[in-house]
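Overview (structure and organization)
The lines below spell out each chain.
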Amino acid sequence: MWGILGRRAVDGGFSASSLRRMRSGLVSARSYAAGSKEMTVRDALNSAIDEEMSADPKVFVMGEEVGQYQGAYKISKGLLEKYGPERVYDTPITEAGFTGIGVGAAYAGLKPVVEFMTFNFSMQAIDHIINSAAKSNYMSAGQINVPIVFRGPNGAAAGVGAQHSQCYAAWYASVPGLKVLAPYSAEDARGLLKAAIRDPDPVVFLENELLYGESFPISEEALDSSFCLPIGKAKIEREGKDVTITTFSKMVGFALKAAEKLAEEGISAEVINLRSIRPLDRATINASVRKTSRLVTVEEGFPQHGVCAEICASVVEESFSYLDAPVERIAGADVPMPYAANLERLALPQVEDIVRAAKRACFRSK
Amino acid sequence: MALSRLSLRSTTFLKPSSLRRHVTTDTTPITIETAAPFTSHQCDPPSRSVETSSAEILSFFRDMARMRRMEIAADSLYKSKLIRGFCHLYDGQEALAVGMEAGITKKDAIITSYRDHCTFLGRGGELVDAFSELMGRMRGCSNGKGGSMHFYKKDACFYGGHGIVGAQIPLGCGLAFAQKYSKEENVSFVLYGDGAANQGQLFEALNIAALWDLPAILVCENNHYGMGTATWRSAKSPAYFKRGDYVPGLKVDGMDVLAVKQACKFAKEHALKNGPIILEMDTYRYHGHSMSDPGSTYRTRDEVSGVRQVRDPIERVRKLLLSHDIATEKELKDMEKEVRKEVDDAVAQAKESPVPEASELFTNMYVKDCGVESFGADRKELKVTLA
């Protein structure tokens with residue numbers, strides 16, 4: 001009946017047969033004990049939703065293909081089988097309708113996890129995310145809170161063209177009343193999604209399609225069903241003293257690679273994984289810049305009015321006298337995403353762009 | 001001598017006042033026929049005979065009179081600039097708010113558009129909370145943070161008060177979803193206008209409601225104008241009760257409070273068994289779309305006064321009360337005076353109540369603030385960490 005044969009339902013914990021691709025090029029300063037566990041981001045998200053559904057009967061999943069199809073990107077695999085059609089709802093292709101229904105259910109006290117197949121389609125429902133969800137607690141002076149999570153892949157994938165590649169972090173993070181999260185690793189995915197589902201406020205949860213299949217080491221603590229990460233706190237992925245690189249989602253991997261390259265040239269880069277776009281952890285970012293005196297901020301999305309712009313403004317406002325160089329922004333190109341592979345590569349930040357900007361901030365020529 | 005069940009034929013004999021029963025609390029069931037029949041689509045219409053009581057009809061009169069006076073008072077307050085921004089008045093449509101309440105319970109949910117003052121009152125909201133909100137005072141039902149379009153009363157399952165035309169429809173279907181999910185035997189009434197009836201999200205939500213058998217009752221308050229656009233100019237098919245196609249519908253005289261009661265009662269029973277149903281309430285608003293709209297550029301004054309003379313919901317109930325000898329003219333006039341005083345007192349009280357503290361600017365953004373920062377216009381001057 002499911003039409004997909006031979007799939008084992010994932011019921012918490014990692015999949016032993018998951019691809020063991022190392023994060024490309026990452027050699028972390030930490031070493032991992034032999035036999036330490038790894039988990040793909042996909043499995044991390046799946047286990048997070050599973051555990052939260054198990055713990056709270058008010059949590060339910062809704063979206064296109066989340067049930068019978070096992071999820072367009074298999075994030076909700078096994079959930080329909082485990083929890084039944086009263087907890088996992090396949091919707092018609094009507095974002096405005098089902099998002100509004102999800103928000104209404106949240107008004108009444110349920111805890112919907114609404115999936116957008118990609119956040120590009122959230123634009124069809126954006127009125128409900130912003131006007132019906134984000135602003136309700138304020139407009140009602142606290143009577144109507146909205147404990148909903150909007151999740152799905154955000155930003156560029158590979159070769160999917162202009163209408164399927166936009167990053168919405170800046171748009172949603174500009175709205176007071178929303179919380180906007182962007183995980184990078186499997187631990188981020190688990191901890192942040194569990195926190196988001198438990199959170200009594202509307203959360204926009206921006207995943208990345210290309211990260212779904214990536215494996216990351218994961219600690220015992222992170223595998224525990226009570227594991228939650230705090231919302232609003234960035235993580236210092238790599239400590240450094242010469243330049244601060246801030247970024248989120250897939251670009252964290254690129255920034256870590258760039259840090260490796262910079263280290264070979266004697267530049268010690270501190271890489272900050274934002275994890276939370278709203279609230280933005282300005283304290284961690286500024287503390288880092290006050291230590292290094294230089295900022296390179298990186299994102300995949302459009303440059304104008306982006307997340308990087310906000311970070312630059314914050315650092316210039318709060319840590320101006322600590323800066324030894326102009327702030328640097330590396331962002332997606334200011335063009336709709338092209339299809340041709342070579343053009344697509346030019347439209348997105350690459351490791352060499354981050355390295356170049358860091359060197360500029362250090363007043364090192366090429 | 002006890003009065004037996006009254007029928008439509010009015011009893012016109014005068015009783016000496018010493019023998020008159022005290023009728024304000026008489027809950028003996030009586031049956032009244034609605035003035036017009038119901039028209040149905042894909043279902044059998046309910047009976048025209050409405051079960052009610054003298055006390056209930058009297059309460060209809062009082063409640064509608066209170067709503068009417070509230071809206072008229074709001075009109076004056078707006079003109080004296082004590083109410084700002086948008087103010088969408090409901091006078092003429094009172095039978096809808098009052099009749100609906102009579103057919104349902106406070107556990108059934110209601111969600112509506114920006115024309116929400118009377119719906120709020122119907123759900124048990126206080127006059128002083130309404131006026132305070134309109135004038136942006138802390139005492140307001142949304143602490144002055146919402147305004148005219150954003151009244152809420154969650155403890156009575158009233159979920160607002162929505163400014164975006166049509167948005168309340170999927171939201172209301174979501175309320176119904178939650179009721180079904182939680183296995184409550186309650187329903188959700190989702191109110192929208194003839195203008196919103198063309199919104200795509202209505203059809204998206206209705207499709208899902210029908211597919212999932214949600215106990216959602218879509219109520220089209222057809223006051224014949226979407227802002228300045230008459231229904232014939234905006235809808236290819238203005239038979240709003242039929243637009244659900246496979247979803248049953250009922251057309252109701254929305255100026256007849258008893259018909260509204262009957263229809264809502266019927267719809268609730270229907271929705272609990274069979275999923276969504278559409279009620280089209282034929283109603284009318286005396287004011288323009290909002291206080292910025294004189295309401296006379298797209299309709300004639302004769303049309304407005306014509307409706308007032310022939311179909312006014314309060315006058316109809318007055319006639320009913322008089323013809324059935326439930327109250328005298330004087331009693332009703334006294335009631336109207338009391339209501340007027342209630343409203344005036346509430347306005348005075350609201351005028352005295354304080355505006356929100358400046359610190360309220362930053363409250364209620366989140367339930368769980370988790371150290372979020374927020375900023376004023378000059379972020380170096382005003383920066384707040386939400387606790």
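Residues numbered from 1 in each chain as written. Chains lettered and ligands numbered in written order. Predicted model: local features only at pLDDT ≥ 70, side-chain atom pairs only at ≥ 80, totals over all residues. Heavy atoms only, no water.

1. Considering the packing of helix 10 (residues 282–292) of chain A against helix 11 (residues 307–319) of chain A
Residues and elements named next belong to chain A.
- Two numbers describe how helix 10 lies on helix 11: the axes approach to 10 Å, and their chain directions differ by 60 degrees. The pairing of helix 10 with helix 11 is recorded here as oblique in orientation. For helix 10 against helix 11, the interelement crossing comes out right-handed. Here Arg282, Ile285, Asn286, Val289 and Arg290 of helix 10 lie close against helix 11, whose contacting residues are Glu310, Ile311, Ser314, Val315, Glu318 and Ser319. (Axes fitted to C-alpha atoms, helices over the stretch in contact; angles between N-to-C directions. Helix = DSSP H or I, 4+ residues; strand = E, 2+ residues; numbered from the N terminus. Parallel < 35°, antiparallel > 145°, perpendicular 65-115°, else oblique. Left-handed = near helix turned anticlockwise from the far one by under 90°. Contact = heavy atoms within 4.5 Å.)

2. A short note on the sheet that holds strand 4 (residues 111–115) of chain A
All names here are of chain A.
- Here we have 7 strands laid out as an open sheet, ordered 3-2-4-5-7-6-12, and mixed in their pairing. Two strands close off the open sheet at either side, each with one partner strand: strand 3 (88–90) and strand 12 (276–278). Between one strand axis and the next, the sheet turns through 20 degrees on average, direction left out of account.
- Bridge count for strand 6 (residues 179–181) against strand 12 is 2 bridges, and the pairing is antiparallel. Directly across from Leu181, in strand 12, lies its bridge partner Ser276.
- Its contacts with the sheet place helix 3 (residues 95–107) against strand 2 (59–63), strand 4 and strand 5 (149–153), and it is angled at close to 165 degrees to strand 4. (Pairing = 2+ DSSP bridges.)

3. A look at the confidence of the model for chain B
All names here are of chain B.
- Averaged over every residue, the pLDDT of chain B is 94; residues scoring 70 or more account for 94%.
- Confidence drops under a pLDDT of 50 for residues 1–19, and excluding neighbours within four residues, the segment shows 16 contacts in the predicted structure.
- Scored by ipTM, the complex comes to 0.92, with pTM at 0.91. (pLDDT = per-residue confidence, 0-100.)

4. Considering the confidence of the model for chain A
- In the predicted model, chain A carries a mean pLDDT of 92, and the fraction of residues at 70 or more is 90%.
- Overall, residues 1–34 of chain A carries pLDDT values under 50, and its contacts beyond four positions in sequence, including any with other chains, amount to 54 contacts.

5. A short note on the pattern of salt bridges
- In this structure the tally under the stated criterion is 51 salt bridges over all chains.
- Residues A:Lys241 and A:Asp242 are paired through a salt bridge, measuring 3.6 Å at the closest nitrogen-oxygen approach.
- Residue classification places A:Lys241 among the exposed positions, given a relative accessible area of 55%.
- Taking the shortest distance from any N to any O, the salt bridge between B:Asp75 and B:Lys79 comes out at 2.9 Å. With B:Asp75 and B:Lys79 both in helix 1 (residues 54–79) and 4 residues apart, this pair spans about one turn of that helix.
- Overlapping salt bridges, with partners in common, bring together A:Arg282, A:Glu310, A:Glu317, B:Glu373, B:Arg379 and B:Lys383 in one network. (Salt bridge = Lys/Arg side-chain N within 4 Å of Asp/Glu carboxyl O. Buried < 20%, exposed > 50% of the residue type's maximum accessible area, 1.4 Å probe, protein only.)

6. A word on the interface of chain B and chain A
- On the side of chain A, 51 residues touch chain B, which itself brings 46 residues to the contact.
- Approximately 4,000 Å² of surface area, both sides summed, lies buried where chain B meets chain A, with 62% of it carried by carbon and sulfur atoms.
- Its largest share of buried area at the contact with chain A, chain B owes to B:Tyr152, B:Tyr181 and B:Tyr366, together 17% of the area lost on that side.
- We note a salt bridge from B:Glu373 to A:Arg282, for which the minimum N-O separation is 3.2 Å.
- At the junction of chain B with chain A, the criterion picks out 22 residue pairs in polar contact (both at pLDDT 80 or more). (Buried area = accessible area lost by both parts, 1.4 Å probe. Polar contact = N/O pair within 3.5 Å; in protein donor to acceptor, adjacent residues only side chain to side chain.)

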